[in-house]
Amino acid sequence: MWTIVMLGGGHFAAAVFNGMEPILHKTFHSYTVRAKQGGSQSSKDNKGSHSKSAGASLRRYNEEALTQHIQEILSTWSAEVTACQLIFVRAVGPFNRSVLFGGKTPPLNKHDARLRSVPFPTRRATFSEVKRVHSILATVTVYESYDNFLNCFTTPKKVKPEIDSGKAQCERTDSSKKGIDRAKSRESPNRSLPDIVKALASCRTSESDSIEGAPVKDHVMMYNDVDTDLVSRLQEFEDTAPKKIKKKKKKKETPPIKNLPPEIISFNKKVYFACECGDKELLNISLSEASSSLTQENIMEALDQVNPEGLTLLQSAAGHNFKDIVWIMLEHGANLIAKDSKSRTAYDFAGDKETRNIFRRFMGTFPDKYDYSKSHIPSALT
């Protein structure tokens, strides 16, 4: 019994032969070779360039699957392979040899005395190729003599026939005598005209005879002198293409500074200071005093002031977790849905859970005071 294993280019073929008949055989193919460039993906990775493409990942996966599949096949054939007298292997390249002889439990032992390499070139690993290799290995051809053997495997060299030197010299001199002397002039051969040329010539002569004696008309060519003044037609090149006028960007107009009364300026300063510092008492006193002397519009403008960071007072108070200040400002109508440059509302600035719950409790207590759908508050808390 013999075992023949062939592996290369992702193609695997193996068979166990009992005499001339295969009792076990298996072939399959996996995509492991890089297209157009050749070589396995593992050999490419070992050179230091680890590709991250989808094709490279697929080839790495197929290499692992190929190794596992081959090891499973040969492990199931272990009883038949053990009973074989010879094992012929065709696996070129480090990856192919590592599949058969590498790993913790290799399917074949590289120190096995039965191992033989296939001593002639083979084609792609297929079952038909395995049978062809087996037939060649199992066939013995007897030649009657050594000369017959050489005739089958060697081609005789073509021997040029030997030519007598005297004859060769004579042939050279004869050929030189027969050469054409280009310096001498040669007589032009007298060749007859083709029939069609003769027919045309005869027709021409007959026409000339028929009009002989007729007066010949003189053809007079008339021409007029036309003066063309090119200088007057030449003009300087004028660029008549309309020029693109770039529109200047309009500068943003700064809003005019309002001349506010002193009491409003003082109220705005108190509200700003109370909200930025978290002074609940100062904010309550300022709002109670302003309710009798100022309009609701003035109070709203004071509550919606913007600090140097570009945040409203409600956003700043929420960011500092001033829970009481947030509740008071919401009661007096501070802008809840105002957003900063990153589209964040006052609720998004809340620094802890308790401050966020203040917004949710206010939503549950006063469900109709604001349009809460734009405030980013998830739900009311009762």
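Above this text is the structure in question.
Residues numbered from 1 in each chain as written. Predicted model: local features only at pLDDT ≥ 70, side-chain atom pairs only at ≥ 80, totals over all residues. Heavy atoms only, no water.

Draft legend 1. View of the overall build of the protein. Along the backbone of the protein there are 15 helices and five strands. Per-residue burial for the protein yields a buried fraction of 28% across its 382 residues. Of the contacts formed within the protein by residues at least 6 apart in sequence, a portion of 61% connects residues at least 24 apart. Summing over all exposed atoms, the protein offers an accessible surface of approximately 29,000 Å²; the carbon and sulfur share of this is 54%. (Helix = DSSP H or I, 4+ residues; strand = E, 2+ residues; numbered from the N terminus. Buried < 20%, exposed > 50% of the residue type's maximum accessible area, 1.4 Å probe, protein only. Contact = heavy atoms within 4.5 Å. Areas by Shrake-Rupley, 256 points an atom, 1.4 Å probe, with all protein chains shown as cover.)

Draft legend 2. Local environment of the packing of helix α10 (residues 262–277) against helix α11 (residues 280–293). At a closest axis distance of 9 Å, the pairing of α10 and α11 adopts a crossing angle of 155°. Classed by the angle they form, the pair α10 and α11 counts as roughly antiparallel. The handedness of the crossing between α10 and α11 comes out as left-handed. Contacts between α10 and α11 involve F267, K270, V271, F273, A274 and C275 from the former and L282, L283, S286, L287, E289 and A290 from the latter. Its residues placed into classes, the contact of α10 with α11 shows nine nonpolar, one polar and two charged. (Axes fitted to C-alpha atoms, helices over the stretch in contact; angles between N-to-C directions. Parallel < 35°, antiparallel > 145°, perpendicular 65-115°, else oblique. Left-handed = near helix turned anticlockwise from the far one by under 90°. Nonpolar A, V, L, I, M, F, W, Y, C, P; charged D, E, K, R; others polar.)

Draft legend 3. Seen up close, unusual backbone geometry. If you check the backbone angles, N321 has positive phi at about 60° while not being a glycine. With respect to the secondary-structure elements, N321 resides in the loop between α13 (313–319) and α14 (323–331). One non-glycine residue, H376, lies in positive phi territory at about 70°. Residue position: H376 is located in the segment after α15 (353–365). H376 sits in the partly exposed class, given a relative accessible area of 35%.

Draft legend 4. Region of the structure containing the sheet that holds strand β1 (residues 2–8). Ordered by their spatial adjacency, five strands build an open sheet running β3-β2-β1-β4-β5, and the pairing between neighbours is mixed. At either end of the open sheet lies a strand with only one pairing partner, and these are β3 (21–29) and β5 (115–117). Geometrically, the sheet is characterised by an average inter-axis angle of 15° between neighbouring strands, direction not taken into account. Where β1 meets strand β4 (residues 86–91), six bridges bridge the pair, whose relative direction is parallel. Paired with V5 across the strands is V89, a residue of β4. Sitting on the sheet, helix α5 (residues 127–137) is in contact with β1, β2 (11–18), β3 and β4, with an inclination near 130° to β1. (Pairing = 2+ DSSP bridges.)

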